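An overview of the molecular structure
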Number of protein chains: 2
Amino acid sequence: MFEAAKLQRKVSKSDFKQQEVDLRTELLAMQRELKESGKSRIIVIITGVEGAGKGEVVNRLNEWMDARGIATYAFWQESDEERDHPRFWRFWRNLPGSGEIAIFFGGWYQKLIEERVLGNWDDERLSAEFRRIAGIERMLSEDGALILKFWYHMSEKDQRKRLKDLSRDDRSRWKMLPKKKQFSQHYEDYERIAERLIRHTDYGFAPWYIVEASDNRYRDLTTARTLLTVARKHMALRQNNCQINSEDNPNAEPDAPLSAEAQTTILDRIDLSKGLDRDDYRKQLEALQEEANELVWEAYNRKLATVLVFEGWDAGGKGGAIRRFTSAIDARLYRYISIAAPNDEEREHQYLWRFWRHVPAAGRVSIFDRSWYGRVLVERVEGFASEHEWRRAYNEINDFEGQLIDNGALVLKFWLHIDKDEQLRRFKEREKIPYKAHKITEEDWRNREKWDEYKHAVNEMVVRTSTNLAPWIIVPGNDKKYARVEVLRQICSHLKAHLKTHK
Amino acid sequence: MFEAAKLQRKVSKSDFKQQEVDLRTELLAMQRELKESGKSRIIVIITGVEGAGKGEVVNRLNEWMDARGIATYAFWQESDEERDHPRFWRFWRNLPGSGEIAIFFGGWYQKLIEERVLGNWDDERLSAEFRRIAGIERMLSEDGALILKFWYHMSEKDQRKRLKDLSRDDRSRWKMLPKKKQFSQHYEDYERIAERLIRHTDYGFAPWYIVEASDNRYRDLTTARTLLTVARKHMALRQNNCQINSEDNPNAEPDAPLSAEAQTTILDRIDLSKGLDRDDYRKQLEALQEEANELVWEAYNRKLATVLVFEGWDAGGKGGAIRRFTSAIDARLYRYISIAAPNDEEREHQYLWRFWRHVPAAGRVSIFDRSWYGRVLVERVEGFASEHEWRRAYNEINDFEGQLIDNGALVLKFWLHIDKDEQLRRFKEREKIPYKAHKITEEDWRNREKWDEYKHAVNEMVVRTSTNLAPWIIVPGNDKKYARVEVLRQICSHLKAHLKTHK
């Protein structure tokens, strides 16, 4: 989920200066319009990891906008009076009126994160709070409020550095940090709680925006641009008295600034130079295949199912990687399912119906060569699914995979990644070889033209569906040997870990 | 919640015969239309208490409709194959295609109820299942399916009688029943679980219909009429490609047959002949006031808040009943809040905002003379709130009261009930007495004309918002003395029980 918040996205000083003036003008215009229409109100919730500069963002928003229409509230300590009332009373007291903007520092999420990190609240208690929050956010949004929730994030390394810098000015902060050797553990715990929280409270009517916070300029511009874009969409809907559909995510990704470095996607950061020589390849392949065979048998005996999903660029090497795995394991244990366009009967049902048919029984392996992710890839890019359909598919897919996992299955998702040049080389090569020529069609060439759209779709797919329990694994595939071994290695290591945790 | 399923609603044999023919014709026409449009599908889920005749309903639906477009599935026992897959796999296998109807006997709810009754699953597990079910029902409905969920219910007495009758033909059934003295406990447990289940899985896109099952004719006609009405609305929406808003309840109440006895409401069953003579009144009043005073002080010391809501017909005696309570307790401990039309500031916020301001602090009492229930009473009947607004208010109100209860508060809601003649008598009396004349306005006379609409709104309000934890108490008010004593008695007994459970 946080993959896209660790890409070192940046905005240069000059780009910032250039974009700042327009942005401020537009923000003020938006605020005026909000005031005048009197049909909506905006609640901005600011949360994120320690050291992300949440306070700086709030100051920036106050600086850029008209302070008369904004009120900022921090919810650190409860007053006596607040403690004597239900938890949400303090928020109700400070809700913005029509035409106003309220910035809630930490919002109703602060307490959840703190109590969970401290171990005072368990997962069940958290679930109950998620339900409550859903009810309240839905109610406020039905009443015309726009609720924007920002989560500021950065890589462990960047956070460590940032906190060290901060500690120079402020000694007390430093004391709050866990000891150095515990830092990684703390970071991981925090990230896991945040993933759960965001996943369970991300609604169309109150979406989360995960913003990378390692560069201040990127962070602030992204926040303000997102606020601007979403507020405008929201006001246009309210102006037409449209009911905002609760599943419609007005703008699922934050609106990054218009500079190249700020537009980096997850795929751009993959190191495609990785390779393997023939000898190493043979040796490692053999060892891994042997291990895979044993692990799959053990999973069978233990009645644990495995679901492997393969997606990737055309000619990315999915088939070759799958064969290196299937040739190693007993044919009775797996099913290979190649997914093409749905047939008539499949079209009569919800799009997940045809995948449910191939869900593995306990102990078995299902290998999907393309999958339900078609909904948010080809169907999105080609317009076969409406925006409403593919947007809500992220949650549907997470629910679907969640059910498999709850039933004991291991779920792994591979994206076989190559660059555009490598694809061209492979297309041409295939066209030359008679028995491979059928693999290249007009469609492949057409898809290739939409490379950037697909890249964008892949980025959002990974952000929205890569979870602790069902991760996306992006495999550098320019070198086929490296990719095949890497796929096997990942299957083995995840399967081993899975067998361990499901004693 | 189940109050309206214990009213002994009936349909006579002749009424049944008369309505049956038309209904069947219309059902067949609906089915044809469903088939031809091919834009939706219908899933009917049949659940309810033991002995409610669920099997008979299913047979009736199959008899009345064209069997070629319906498939019925019972989900009693799992096959080996089903056990080897995730729980929902068996349902996915049997989902209806476009234009078809599937009847799911027990549906995905059967297992929840059984496991909870047997004590195998706890409330947390149940909550997780509710979330899952919400996801699946939302997904299917987004894809064009209409999901209708019926819960068949009857009073404890009727159920006991029914099961006894059944046991004559079927000896094995009898053995499954709990021993006589445990029957009441079993009935209550079952009802509590059902209330929780229905409350948490009642969505606009997949509403629950609670149908009284004590009379077979009423039960079957109501089921079929509801199916017909809701299916038609649904198809009309789909035909126009309208997005169905997830909070919009297409038809929150089952569609009762057109005979007088079938249209009975909760208020019609209240015994208004109850009275109290002056001496008894004085004696009881004094004792109860003394008790109330002590209990309120104890609640203060224990920091438990109390919320009392008074609603009722104009001139129903709310004010008098409230004064008998307030005159007994320390003025520092309570606040009396009289609710009129919202002011300008209040109108700028969500409608619950103005009530949040008056939520009692720990240990205090807030008395609401009229309340947030105006949303589903006067605002509904007078059209001040749109249907979408007042329909979603039921859930919003339940959430709101749930927060108060979670914070330790006792929440009681009184409806002061009188009949139309008594109201007229009181109106005229008031007009004669100078210092009371101001209490009767044009508006009161106008409201009076809408008596039946209000009665209907009260019925639905009680069904949707009376819960184990925040019950509606309907007080017969034709005799003022009886009503005042009864209100006090209820406050005392609930407060006493509340203090006991919150040690």
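Residues numbered from 1 in each chain as written. Chains lettered and ligands numbered in written order. Predicted model: local features only at pLDDT ≥ 70, side-chain atom pairs only at ≥ 80, totals over all residues. Heavy atoms only, no water.

Some words on the interface of chain A and chain B
Keep this limit in mind: Note on contacts: a residue pair is in contact if any heavy atoms of the two residues lie within 4.5 Å. Joining two parts hides part of their accessible area as seen by a 1.4 Å probe, and the buried area is that hidden amount summed over both. A pair is scored as a salt bridge if a Lys or Arg side-chain nitrogen falls within 4 Å of a carboxyl oxygen belonging to Asp or Glu. Polar contact is defined as a pair of N or O atoms within 3.5 Å, subject to the rule that within protein one atom must be able to donate a hydrogen and the other to accept it, and that residues adjacent in sequence are counted only when both atoms are side-chain atoms. A run of H or I in DSSP becomes a helix once it reaches four residues, and a run of E becomes a strand once it reaches two; helices and strands are each numbered from the N terminus.
Contact residues are listed per partner, giving 48 residues for chain A and 48 residues for chain B. Summing both partners gives a buried area of about 4400 Å² for chain A against chain B, and 50% of it is carried by carbon and sulfur. In terms of surface lost to chain B, no three residues of chain A exceed A:Pro86, A:Trp92 and A:Trp356, which account for 15% of the buried area on that side. Where chain A meets chain B, there are 6 salt bridges. For B:Lys303, the salt bridge identified is with A:Asp84, shortest N-O distance 3.0 Å. Between the two partners, chain A and chain B, sit 26 residue pairs in polar contact (both at pLDDT 80 or more). Those elements that place two or more of their residues in the side of chain A that touches chain B are α4 (89-93), α6 (123-142), α14 (353-356) and α16 (387-406) of chain A. Looking at the side of chain A that touches chain B element by element, the count peaks at 9 residues for α6(A).

Here's the deal with the pairing of strand β4 (residues 145-153) of chain B
All names here are of chain B. Filter applied, for reference: Remark: exposure states derive from per-residue accessible area (1.4 Å probe, protein chains only) relative to the maximum for the residue type, with buried under 20%, exposed over 50%, and partly exposed in between. DSSP-based pairing: two strands are paired if at least 2 bridges between them are found.
The element β4 is extensively covered by neighbouring structure, given that 9 of its 9 residues are classed as buried. Both faces of β4 are covered, namely the face carrying Ala 145, Ile 147, Lys 149, Trp 151 and His 153 and the face carrying Leu 146, Leu 148, Phe 150 and Tyr 152. Where strand β1 (residues 41-48) lies against β4, 8 bridges are found, and the strand directions are parallel. Across the sheet, the residue bridging to Val 44 is Leu 148, located in β4. Summarising the sheet, β4 and strand β5 (residues 208-212) pair through 5 bridges and their orientation is parallel. Within β5, the residue paired with Tyr 152 across the bridge is Val 211.

Quick look at the packing of aromatic side chains
Note the threshold: In this analysis, rings of Phe, Tyr and Trp, with Trp reduced to its six-membered ring, are considered paired at centre separations within 6.5 Å, and the interplanar angle assigns stacked below 30 degrees, edge-to-face beyond 60, and tilted for intermediate values. By the criterion adopted, a ring carries a charge over it if an Arg CZ or a Lys NZ lies within 6 Å of its centre and within 35 degrees of its normal.
Under the criterion given, the structure shown has 54 aromatic pairs over all chains. Judged by centre distance (5.4 Å) and plane angle (15°), the ring pair of A:Trp356 and B:Trp92 falls under stacked. Of the two residues, A:Trp356 sits in helix α14 while B:Trp92 sits in helix α4 (residues 89-93), which places them in two different chains. The same class applies to A:Trp356 and to B:Trp92, which are both buried. Taken together, a centroid distance of 4.8 Å and an interplanar angle of 70° make the contact between B:Tyr373 and B:Trp472 edge-to-face. Here B:Tyr373 is found in the loop between β8 (365-369) and α15 (378-381), whereas its partner B:Trp472 is found in strand β10 (residues 472-476), with 99 residues between them in sequence. Here B:Tyr373 and B:Trp472 have matching classes, each one buried. What links up through ring pairs into an aromatic cluster is the set A:Trp92, B:Phe355, B:Trp356, B:Phe368, B:Trp372, B:Tyr373, B:Phe400 and B:Trp472. A cation sits over an aromatic face here: A:Arg125 above A:Trp121, 3.9 Å from the ring centre.

Overview of a negative patch on the surface
Put simply, the rule is: Like charges are joined within 9 Å and nonpolar side chains (Val, Leu, Ile, Met, Phe, Trp, Tyr) within 5 Å, but only among residues with over 30% relative accessible area and no salt bridge; these make up the patches. Only the protein chains shown count as covering a residue, and every accessible area follows the Shrake-Rupley method with a 1.4 Å probe. In this charge count, Lys and Arg are treated as positive and Asp and Glu as negative; neither His nor the chain ends contribute. One atom stands in for each charge, and that atom is NZ of Lys, CZ of Arg, CG of Asp or CD of Glu.
Together, A:Glu100, B:Asp344, B:Glu345 and B:Glu348 line one region of the surface with negative charge. Tracing the chain through its elements places B:Glu348 in the loop between α13 (344-347) and α14 (353-356).

A closer look at the environment of A:Gly99
Residue and element names in this part refer to chain A. Summarising the element assignment, Gly 99 is placed in the loop between α4 and β3 (101-105). In sequence terms Gly 99 and Ser 37 are 62 residues apart; their C-alpha atoms lie 7.1 Å from each other. Not counting residues up to four positions away in its chain, the partners in contact with Gly 99 are Leu 34, Lys 35, Ser 40 and Arg 41.

A word on the sheet that holds strand β9 (residues 410-417) of chain B
Residue and element names in this part refer to chain B. What counts is decided by this rule: Think of each axis as a best-fit line through the C-alpha atoms, taken over the contacting stretch in the case of a helix, with angles from 0 to 180 degrees between the N-to-C directions.
An order of β7-β8-β6-β9-β10 is seen for the 5 strands of this open sheet, with the pairing classed as parallel. Strands with a single pairing partner mark the edges of an open sheet, and in this sheet they are β7 (334-338) and β10. Strand-to-strand twist in this sheet, taken as the mean axis angle between neighbours without regard to direction, amounts to 20°. As defined by bridge partners, strand β6 (residues 306-312) adjoins β8 across 5 bridges and the pair is classed as parallel. Opposite Phe 310, over in β8, you have Asp 369 as the bridge partner.

Quick look at the sheet that holds strand β6 (residues 306-312) of chain A
Across a sheet, paired strands are connected by hydrogen bonds in the backbone, their directions being either parallel or antiparallel. Residue and element names in this part refer to chain A. Spatial strand order, β7-β8-β6-β9-β10: 5 strands in an open sheet with parallel pairing. The sheet terminates laterally at β7 (334-338) and β10 (472-476), the two strands that pair on one side only. Ignoring which end each strand starts from, the neighbouring axes of this sheet average 20° apart.

Observations regarding the relation of the copies chain A and chain B
Rules: In this comparison the copies share one frame, found by least squares on the C-alpha atoms of residues holding pLDDT of at least 70 in both.
By a simple turn and slide, chain A fits onto chain B: the slide is 0.0 Å along the axis, the RMSD is 0.0 Å, and the turn is 180°. Such values leave the two copies arranged in the relation of a two-fold axis. Same-surface contact between copies: 100% of interface residues of chain A are shared with the interface of chain B.

Topic: the side chain of B:Thr467
Residues and elements named next belong to chain B. Its place among the elements puts Thr 467 in the loop between α20 (451-465) and β10. Within the local environment of Thr 467, its side chain forms a polar contact with the backbone nitrogen of Ala 470, the two atoms lying 2.9 Å apart. Each residue touching Thr 467, except ones within four places of it in the same chain, is listed here: Glu 195, Arg 199 and Asn 398.

Thoughts on the environment of B:Gln284
All names here are of chain B. Within the fold, Gln 284 resides in helix α11 (residues 278-301). Gln 284 gets classed as partly exposed once you look at its relative accessible area, which sits at 25%. Along the chain, Gln 284 and Tyr 482 lie 198 residues apart, while their C-alpha atoms are 10.0 Å from each other. In this structure Gln 284 touches Leu 276, Val 485 and Arg 489, once residues within four positions along its chain are discounted.

So, the confidence of the model for chain A
Inclusion rule: Per residue, pLDDT captures the predictor's confidence, and it can take any value from 0 to 100.
Chain-level pLDDT for chain A is 87 on average; 94% of the residues reach the 70-or-more range. On the interface metric, ipTM, the complex scores 0.76, and its pTM is 0.82.

Side note on unusual backbone geometry
For residues that are not glycine, phi is negative in most cases, and the peptide bond is trans in most cases. Positive phi is not limited to glycine here, since A:Arg370 has a value of about 70°. Tracing the backbone shows A:Arg370 in the loop between β8 (365-369) and α15 (378-381). Using a relative accessible area of 25% as the deciding quantity, one classes A:Arg370 as partly exposed. In the Ramachandran plot, B:Lys303 falls in the positive-phi region, its phi being about 65° despite a non-glycine side chain. Taking relative accessible area as the criterion, B:Lys303 reaches 47% and is therefore assigned partly exposed.

Some thoughts on the pattern of salt bridges
All told, the structure shown has 92 salt bridges over all chains when counted by the stated rule. Here B:Glu129 makes a salt bridge to B:Arg125, at a shortest N to O gap of 3.3 Å. Separated by 4 residues within a single helix, B:Glu129 and B:Arg125 lie in helix α6 (residues 123-142), roughly one turn from each other. Residue classification places B:Glu129 among the buried residues on the basis of a relative accessible area of 8%. Looking at B:Arg125, the relative accessible area reads 36%, which means it is partly exposed. Via salt bridges that share partners, A:Asp202, A:Arg380, A:Glu387, A:Arg391, A:Glu460 and A:Arg464 belong to a single interconnected network.

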